[in-house]
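Listed below are the residues making up each chain.
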Amino acid sequence: MFATIAKLLTLCALAHSINAHTLKQLPQQLPVTPEQKYLIVRGETPAAAAASEEHVQFNDAATLLLSAFKREQLGAGPGVEECSQPGHKASFSGIDYFILLSMLVVSLGIGIFYGFFQTGGSSSDDFLLGSGMSLLPVTLSLTTSFVTAIELLGNPSEMYFQGTQFVLIVIPMLLVIPVAVKIFYPIYFKMELTSCYEYLGIRFGKEIRVLGAVLYVVQMCFYTAVAVLAPAIALSKATGLDTKIAVVLIYVVCVFYSSMGGIKACVIADSFQAAVLAVSLVLIVLLGCFYSGSPVQVFQMAAERNRLEFFNLDPTPTTRHSVWSVVIGGFFYWTSLFCTNQASVQKCMSLKSLRLAKIALGFAIIGLVVVFLLNFYTGLMVFNHYADCDPLSVERITASDQLLPYYVINTYEHVYTVAGIFVAGIFAASLGTVASALNSLSAVTCEDLLINGMNIKISPEKGATYAKWMSLGFGVGSFGLVFIVEHLGGVLQATLTLNGLIGGVTLGLFVLGIACKQANSKGAFYGGLLSLALVIFVGVGAQLSNVQIPTLPTSVEHCDCHVNVTGIIEDLLSESLLPETEQGFTSWSIFRLSYMWFSMIGCLLTVFLGWLISVIIDALQRRSVLKITAKGIDNPAVTEEVFKSDSPVLFTTMKPVEPTSGEGHVNLAIRLDDEYNTK
């Protein structure tokens, strides 16, 4: 409705502004009488358009407007170029390439050192856990692995086009700290786990452990591909850096040092990359104070243009970002990331004690909050810079996530090394994400799928060799997925949504095991699968419905180049004036849910369905058991005919099932009431 009104007002305003010009310049193409002072423009449905006189008048008016603009070319003077011309595109210099390659070479050197010159690392524990890492490198590595390149480019774009409501995402980060250090990590350290999914095997059995591992493998393989491809595309569009070259560089470096040096190389390389990332963020903010306005000016402009929003208390679950969706939904998302994601758990487990792990996790989350706040401020700073000439509207960029790379390279093009340091920081975030994922995938595959799931015996001496080859294999596989996802377009966003959905279901399995004593293996298995099917249905339906999120208004009033108004009007006229109506199941309200709720839905569904199915199965099993007490048989299903039979009464003994080797450590503190068989 609002889009239709905007189009009509635009056309009427243009008709009014060029009325005198059109009467003088175009009397022979379209006969216009002096009495026609204004043009009435109206759109109709396609069905009635063919025989409608008003539709013909609409086409005549549109043709008149376009002809006038093409002749006049408002604002175009001698020497003024179109905003979308190559002269206004950003470029990447030789020194910038040198800085980027230097960062990659240092990361490769770390892998060479730990792979060929560092003693130790010959066993699987050394390769996967690092055998007692230091506190500072692990803290920096945790921070880097949580900061993805997608967020570094997406957060400023969110502030620029949607406002600051999403800033509240830092609150659930801090709320996760007590949950992690009081509940989850004490369990992991007491059990001395290599893989966090080993807990699921101890609590529920082999099948649930394999289920959690498979979900993690699928989640991280697709996520790493998207985490590399999305920033590579954004950087290529904004800087001219070839997408395939960027992807190949990231994967070659990551696969090398993660497969050769193991967790130690990943942690040390992440520490170096964290320093590069911090320097790039701080440098951009400091230079922005000089080139794009002081913090007072930045927040003043944001307030004037309605970018400041922190207390949207709308309880509607379809509201994209509100206090409730960001804080509550974000809490479940970050809990799954910090507490039940193998990439983060594995790094904490590489420390010598639980106390050090708590300190590292706490400081890592605080560091992550600082990085996010700097990133959010950068978005407001970029908005202050382009408040009167939006680069997306004038086609200097083609997508919102290209905003920050374009700003850095275009604004600081005369300041040497800044563009190179910024791109190196984006690459550092991608390297940290992918390297951590590859090492954790090799750990999950070795411990959960091969040893536990397939009962393959792997000696500690050969464990490191297996893990190296698996890390290499996952790197090659994820690299191949990049080129598949690249041709699927909208699957990029769907894959990111799927990442949150799977993380929520996995978190639900852990919460079910920790909080619900009645939960058994069958309930957890079927509840997890059913919840996964439901949340994927909702997530995929949300992507298919493709709800367009309106952006806050931007301006092109004071651009230093000629805005192609003709192209804008042609785009308006090529669009339908009628509001699009959804048909089929994609029009259901459930598919309008904010993506921030997906992790919470997955977790709560898994807990509820797992508990309910467990209670039902336990009740059915109890009814089928013949109970013999001192008062006789108390099962009402047994009739008196049984006592008349001459058959002897058979007594059975109950014995707990002994866990097979490879299923993990036996936790005697947990009663597995449902794991009893009749001998």
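What you are looking at is a predicted structure, and each value in this text was computed from that prediction instead of being measured.

What counts as what
Residues numbered from 1 in each chain as written. Predicted model: local features only at pLDDT ≥ 70, side-chain atom pairs only at ≥ 80, totals over all residues. Heavy atoms only, no water. Helix = DSSP H or I, 4+ residues; strand = E, 2+ residues; numbered from the N terminus. Buried < 20%, exposed > 50% of the residue type's maximum accessible area, 1.4 Å probe, protein only. Contact = heavy atoms within 4.5 Å. Areas by Shrake-Rupley, 256 points an atom, 1.4 Å probe, with all protein chains shown as cover. pLDDT = per-residue confidence, 0-100. Phe/Tyr/Trp six-rings, centres within 6.5 Å; stacked < 30°, edge-to-face > 60°. Polar contact = N/O pair within 3.5 Å; in protein donor to acceptor, adjacent residues only side chain to side chain. Core = buried A, V, L, I, M, F, W, Y, C linked by side-chain atoms within 4.5 Å. Patch = residues over 30% accessible without salt bridge, like charges linked within 9 Å, V, L, I, M, F, W, Y side chains within 5 Å. Salt bridge = Lys/Arg side-chain N within 4 Å of Asp/Glu carboxyl O. Disulfide = S-S within 2.5 Å. Expected span 1.5 Å × (residues − 1). Bend = angle between axes of the 7 residues up to and from the residue.

Novice: Report on the overall build of the protein chain, specifying residues and quantitative values.
Specialist: Along the protein chain, the regular secondary structure elements total 24 helices and 4 strands. Going through the 679 residues of the protein chain one by one, you find that 49% of them count as buried. Relative to all contacts within the protein chain whose residues are 6 or more apart in sequence, the contacts with residues 24 or more apart total 86%. Total accessible area on the protein chain stands at roughly 32,100 Å², and carbon and sulfur atoms take up 64% of it.

Novice: Tell me what's going on with the confidence of the model for the protein chain, and back it up with residues and numbers.
Specialist: Detail in the predicted coordinates should be disregarded across regions flagged by low pLDDT. Scored by pLDDT, the protein chain comes out at a mean of 76, with 69% of its residues at no less than 70. pLDDT under 50 marks residues 16-52. Its contacts with residues more than four places away, or in other chains, come to 37 contacts.

Novice: Account for the packing of aromatic side chains, with residues named and values stated.
Specialist: This structure, assessed with the given rule, holds 22 aromatic pairs. Geometrically, the ring pair formed by Phe 372 and Phe 376 is edge-to-face, given 5.9 Å between the ring centres and 85° between the ring planes. Here the residue Phe 372 and the residue Phe 376 both occupy positions in helix H16 (residues 354-385), the gap between them amounting to 4 residues, near one helical turn. One exposure class covers both Phe 372 and Phe 376, and it is buried.

Novice: Help me get a handle on the side chain of Ser 350, residues and values and all.
Specialist: Along the chain, Ser 350 turns up in the loop between helix H15 (342-349) and H16. Look at Ser 350 and you get buried, because its relative accessible area is 1%. Separated by 2.5 Å, the side chain of Ser 350 and the backbone oxygen of Lys 347 make a polar contact.

Novice: Give me the nonpolar core: which residues, what numbers.
Specialist: Residues Ile 169 and Phe 427 are the most contacted members of the largest nonpolar core, which totals 159 residues. Counting residues per element, this core draws most heavily on helix H12 (residues 243-291), which supplies 19 residues. Discounting chain neighbours no more than four positions away, the residues touching Ile 169 are Val 326, Gly 330, Trp 334, Phe 372, Phe 376 and Met 596.

Novice: Give a description of the environment of Leu 215 that names residues and reports values.
Specialist: Tracing the backbone through its elements, the reader meets Leu 215 in helix H11 (residues 206-239). In contact with Leu 215, other than residues within four places in its own chain, are Ile 502, Val 505, Thr 506 and Leu 532.

Novice: Give a detailed account of the environment of Gly 201, specifying residues and quantitative values.
Specialist: Structurally, the position occupied by Gly 201 is in helix H10 (residues 198-203). By relative accessible area, Gly 201 is classed as buried at 8%. Considered as a pair, Gly 201 and Ser 521 are 320 residues apart in the sequence and their alpha carbons are 9.3 Å apart. Discounting chain neighbours no more than four positions away, the residues touching Gly 201 are Lys 206 and Arg 209.

Novice: With reference to specific residues and values, describe a nonpolar patch on the surface.
Specialist: On the surface, Phe 299, Leu 308, Phe 310, Phe 311, Leu 313, Trp 324 and Ile 328 cluster together into a nonpolar patch covering about 680 Å² of accessible area. Exposure remark for Ile 328: the relative accessible area of 36% places this residue in the partly exposed category.

Novice: Hey, could you go over unusual backbone geometry for me, with residue numbers and the actual values?
Specialist: Unlike most non-glycine residues, Glu 192 shows phi in positive territory, near 55°. On the basis of relative accessibility, which here comes to 57%, the residue Glu 192 falls in the exposed class. You will see that Thr 417, though not glycine, has its phi angle at about 80°, which is positive. Assessed through its relative accessible area of 26%, Thr 417 is described here as partly exposed.

Novice: Quick rundown of the state of the cysteines? Include the residues and the values.
Specialist: All told, the structure shown has 0 disulfides when counted by the stated rule. Between Cys 348, a free cysteine, and Cys 339, which holds the nearest cysteine sulfur, the sulfur-to-sulfur gap is 9.2 Å.

Novice: I'd like to hear about the pattern of salt bridges, residue by residue, with values.
Specialist: Should their charged atoms come close, side chains of opposite charge can pair. With the rule as written, the count across this model stands at 5 salt bridges. Among the salt bridges present, the one from Arg 320 reaches Glu 158, with a minimum N-O distance of 3.0 Å. One end of the pair, Arg 320, is in the loop between helix H13 (295-304) and helix H14 (323-339); the other, Glu 158, is in helix H8 (residues 149-162), and 162 residues separate them in sequence. Here Glu 158 falls in the buried class, since its relative accessible area comes to 10%. Two residues, Lys 347 and Asp 270, come together in a salt bridge whose shortest N-O distance is 2.9 Å. On the criterion of sequence distance, the pair formed by Lys 347 in helix H15 and Asp 270 in helix H12 is long-range, its members being 77 residues apart. As far as burial versus exposure is concerned, Lys 347 and Asp 270 are alike and both buried.

Novice: Lay out the environment of Tyr 97 in plain terms, naming residues and giving numbers.
Specialist: Within the element layout of this structure, Tyr 97 appears in helix H5 (residues 94-117). Between the C-alpha atoms of Tyr 97 and Ala 419, which are 322 residues apart in sequence, the distance is 9.3 Å. For Tyr 97, the residues in contact, after removing those within four places along its chain, are Phe 92 and Leu 241.

Novice: Talk me through H14; I want residue IDs and the actual numbers.
Specialist: Taking 1.5 Å of rise per residue, 17 residues should cover 24 Å, and H14 covers 23 Å from first to last C-alpha, within 8% of that figure. By the largest-angle criterion, Gly 330 marks the main kink of H14, which is about 30°. Counting buried positions over the 17 residues of H14 gives 13, a clear majority of the element.

Novice: Which residues make up the side chain of Asp 270, and what values go with them?
Specialist: What makes Asp 270 buried here is its relative accessible area of 0%. Discounting residues that sit within four places of it in the chain, Asp 270 has contacts with Ser 141, Thr 144, Tyr 257, Lys 347, Gly 432 and Ser 436.

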